[in-house]
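# Coordinate analysis (summary)
The primary structure of each chain is shown beneath.
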Amino acid sequence: MTGLAEIAAPAWPARKPRLLLVDDQPLHLQVLYRTLSAEHQLFMATSGEQALKVAREQRPDLILLDVVMPDADGFAVLRQLRAQRDTADIPVIFVTAHSGEDIETQCLEAGAVDFIPKPVNPSVVRARVRTHLTLKFQSDLLRALAFIDGLTGVANRRQFDERLSIEWARAQRHGSALSLILVDVDHFKSYNDHYGHQAGDDALRRVAACLREHVRRGTDLVARYGGEEFACLLPDTTAEDARALAQQLLEAVRLLAIPHHHGGIGGVLTASFGVATRAGASRPGWQPAALLGLADAQLYEAKRLGRARVCAAVLGEDAAAG
Ligand code: GH3
Ligand code: MG
């Protein structure tokens, strides 16, 4: 029979799960430490305030929280964890010497995922921790999948839209540059028509992997924008650098040497690139849509000029095709 652990196995990360243990009594912490240290990376806190600080800094996967503590009780700590975006989704198991249905109900109603009575039984603690980590990793995986394109494994449109508005706001705040490259595969309809949809899918996967390989900065994002169209979002990237990168991508896609003898340019699959940059200071009324619109217009221009090329422009300046 397949158990939950087997079904969820792919969701478990390669690293050790990270647990935060919170108890004002060092002796209780020691017991939990001995119980859990072999299979987990442990962080410890002896007060509510310290627990909130460590939770924010270390982002544990799960918190074991003592209910009764002198400074802030477990309920208050849980409320504050939930109130902050960074810690709102971390599951919390309450651990307490007060037993009985009332306290148990109170803990669960407060938003804890489980309740473990003290003195703790090590195998019960390990089993419950494992169950709740499994659920946590499964929900992390589902959330991540909701932002990934199923065919190519790069970010999907939803993630792109979110990141574009975040990066736009950041560029606005700091007066920094933000560039966007839209990439559209050339003559892809005829590629599909001649080589088949399956080969078309493979080609899209290879193009996506190629873009990801060359768009490397931690803050950059490669996304599938639509059918055979991709977007590369490049924070803190000047017009000059974005154009140079687009030029590299153009060559890299060509060098994949995916044969396209039915309308392809030079017998291989190519792509066209539209680059738009928001340089420095913002202007009133500017919206992320303006950057997208400009990149799209540049892409259209690249297609019109014969495809397999880069056209670039800076928001608010005259278009400069290349
Ligand atoms: P252009 O050079 O002007 O971009 O021409 P094109 O043929 O690439 O553009 P068009 O918009 O006419 O055709 C896009 C093609 O991309 C048609 C569509 O079937 C194909 N396509 C879109 N999404 C996918 C996909 O997920 N897999 C495959 N295999 N093909 C796709
Ligand atoms: Mg196309």
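As the structure is a computational prediction, the values presented were derived from the model and not from experiment. (Residues numbered from 1 in each chain as written. Chains lettered and ligands numbered in written order. Predicted model: local features only at pLDDT ≥ 70, side-chain atom pairs only at ≥ 80, totals over all residues. Heavy atoms only, no water.)

### Some thoughts on the environment of glycine 74
Mapped onto the elements of the fold, glycine 74 is located in helix 4 (residues 74-83). Measuring from C-alpha to C-alpha, the distance between glycine 74 and alanine 51 comes to 9.9 Å, with 23 residues separating the pair along the chain. Once residues lying within four places of it in the same chain are set aside, the contact partners of glycine 74 are Leu65, Asp66, Val67, Met69 and Phe94. (Helix = DSSP H or I, 4+ residues; strand = E, 2+ residues; numbered from the N terminus. Contact = heavy atoms within 4.5 Å.)

### Quick notes on the sheet that holds strand 3 (residues 62-66)
The parallel open sheet is built from 5 strands, whose spatial order is 2-1-3-4-5. Of all the strands in the sheet, the pair left with one neighbour each is strand 2 (41-45) and strand 5 (114-117). Ignoring strand direction, the axes of neighbouring strands in this sheet form an average angle of 20 degrees. Sheet strands in contact with helix 3 (residues 48-58) are strand 1 (18-22), strand 2 and strand 3, and its direction is about 150 degrees off that of strand 2. Docked against the sheet, helix 5 (residues 101-109) engages strand 4 (92-96) and strand 5, running at close to 145 degrees with respect to strand 5. (Pairing = 2+ DSSP bridges. Axes fitted to C-alpha atoms, helices over the stretch in contact; angles between N-to-C directions.)

### Some points on helix 7 (residues 157-174)
Helical geometry note: an α-helix holds 3.6 residues per turn, so side chains three or four residues apart project in the same direction. Here helix 7 spans 25 Å end to end across 18 residues, near enough to the 26 Å set by a 1.5 Å rise per residue. Taken together, the buried positions of helix 7 are Phe160, Arg163, Leu164, Glu167, Trp168 and Ala171. Taken around the axis of helix 7, the buried residues stretch over an arc of 140 degrees, which confines them to a single face. At its buried positions, helix 7 is contacted by strand 6 (178-185), strand 7 (221-226), strand 8 (229-235), strand 9 (271-278) and helix 11 (288-304). Once helix 7 ends, the next one or two residues include glycine 175, with phi positive near 60 degrees. (Expected span 1.5 Å × (residues − 1). Buried < 20%, exposed > 50% of the residue type's maximum accessible area, 1.4 Å probe, protein only. Arc of directions from axis to C-beta.)

### Looking at the coordination of the magnesium ion (ligand 2)
For the magnesium ion (ligand 2), the full set of protein donor atoms is Asp184 (OD), Val185 (O) and Glu228 (OE), and the range of their distances to it is 1.9 to 2.2 Å. Each donor residue of the magnesium ion (ligand 2) lies on one chain, and together they are spaced D-V-x42-E. In this pair, aspartate 184 is assigned in strand 6 and glutamate 228 in the loop between strand 7 and strand 8, connecting sequence segments 44 residues apart. For glutamate 228, a relative accessible area of 23% corresponds to the partly exposed category. (Donors = N, O, S within 2.8 Å, 3.2 Å for Na, K, Ca; no water.)

### Here we look at the UniProt feature "domain: Response regulatory" (unreviewed entry) in the chain
If you check UniProt for "domain: Response regulatory" (unreviewed entry), the listed places come out as residues 18-133 in our numbering. When the span residues 18-133 is considered, its composition is 46% helix and 21% strand, and the gap between its end C-alpha atoms is 9 Å. (UniProt positions renumbered as here; feature names shortened; annotations may be inferred.)

### Overview of the state of the cysteines
What the rule picks out here adds up to 0 disulfides. Unpaired in this structure, cysteine 232 has its nearest cysteine sulfur neighbour in cysteine 210, at a distance of 9.9 Å. Left unpaired, cysteine 311 is separated from the closest cysteine sulfur, that of cysteine 232, by 16 Å. Take cysteine 311: its relative accessible area is 0%, and that puts it in the buried class. (Disulfide = S-S within 2.5 Å.)

### Some remarks on the pattern of salt bridges
According to the stated counting rule, one finds 19 salt bridges in the structure shown. Notably, a salt bridge pairs arginine 15 with aspartate 61, separated by 2.9 Å at the nearest N-O pair. Placement of the pair is arginine 15 in the loop between helix 1 (4-8) and strand 1 and aspartate 61 in the loop between helix 3 and strand 3, with a sequence separation of 46 residues. Using a relative accessible area of 3% as the deciding quantity, one classes aspartate 61 as buried. Through salt bridges that share partners, Arg15, Asp61, Lys136 and Asp140 make up one connected network. (Salt bridge = Lys/Arg side-chain N within 4 Å of Asp/Glu carboxyl O.)

### Things to note about the packing of helix 9 (residues 197-214) against helix 10 (residues 239-255)
Relative to each other, helix 9 and helix 10 sit at 140 degrees, their axes nearing to 10 Å. In terms of axis orientation, helix 9 runs oblique to helix 10. Read as a crossing pair, helix 9 and helix 10 show a hand that is right-handed. Taken together, the residues of helix 10 that come into contact with helix 9 (itself represented by Val207, Cys210, Leu211 and His214) are Leu245, Leu249, Ala252 and Val253. Of the residues that constitute the contact of helix 9 with helix 10, the class distribution is 7 nonpolar, 1 polar and no charged. (Parallel < 35°, antiparallel > 145°, perpendicular 65-115°, else oblique. Left-handed = near helix turned anticlockwise from the far one by under 90°. Nonpolar A, V, L, I, M, F, W, Y, C, P; charged D, E, K, R; others polar.)

### Focus on helix 2 (residues 26-36)
For helix 2, the full list of buried residues reads Leu29, Leu32, Thr35 and Leu36. Seen along its axis, helix 2 keeps its buried residues to an arc of 125 degrees; they face one direction. In helix 2, those exposed residues whose orientation departs by more than 90 degrees from the buried face are Pro26, Leu27 and Arg34. On the buried face of helix 2, the contacting elements are strand 1, strand 2, strand 3 and helix 6 (122-145).

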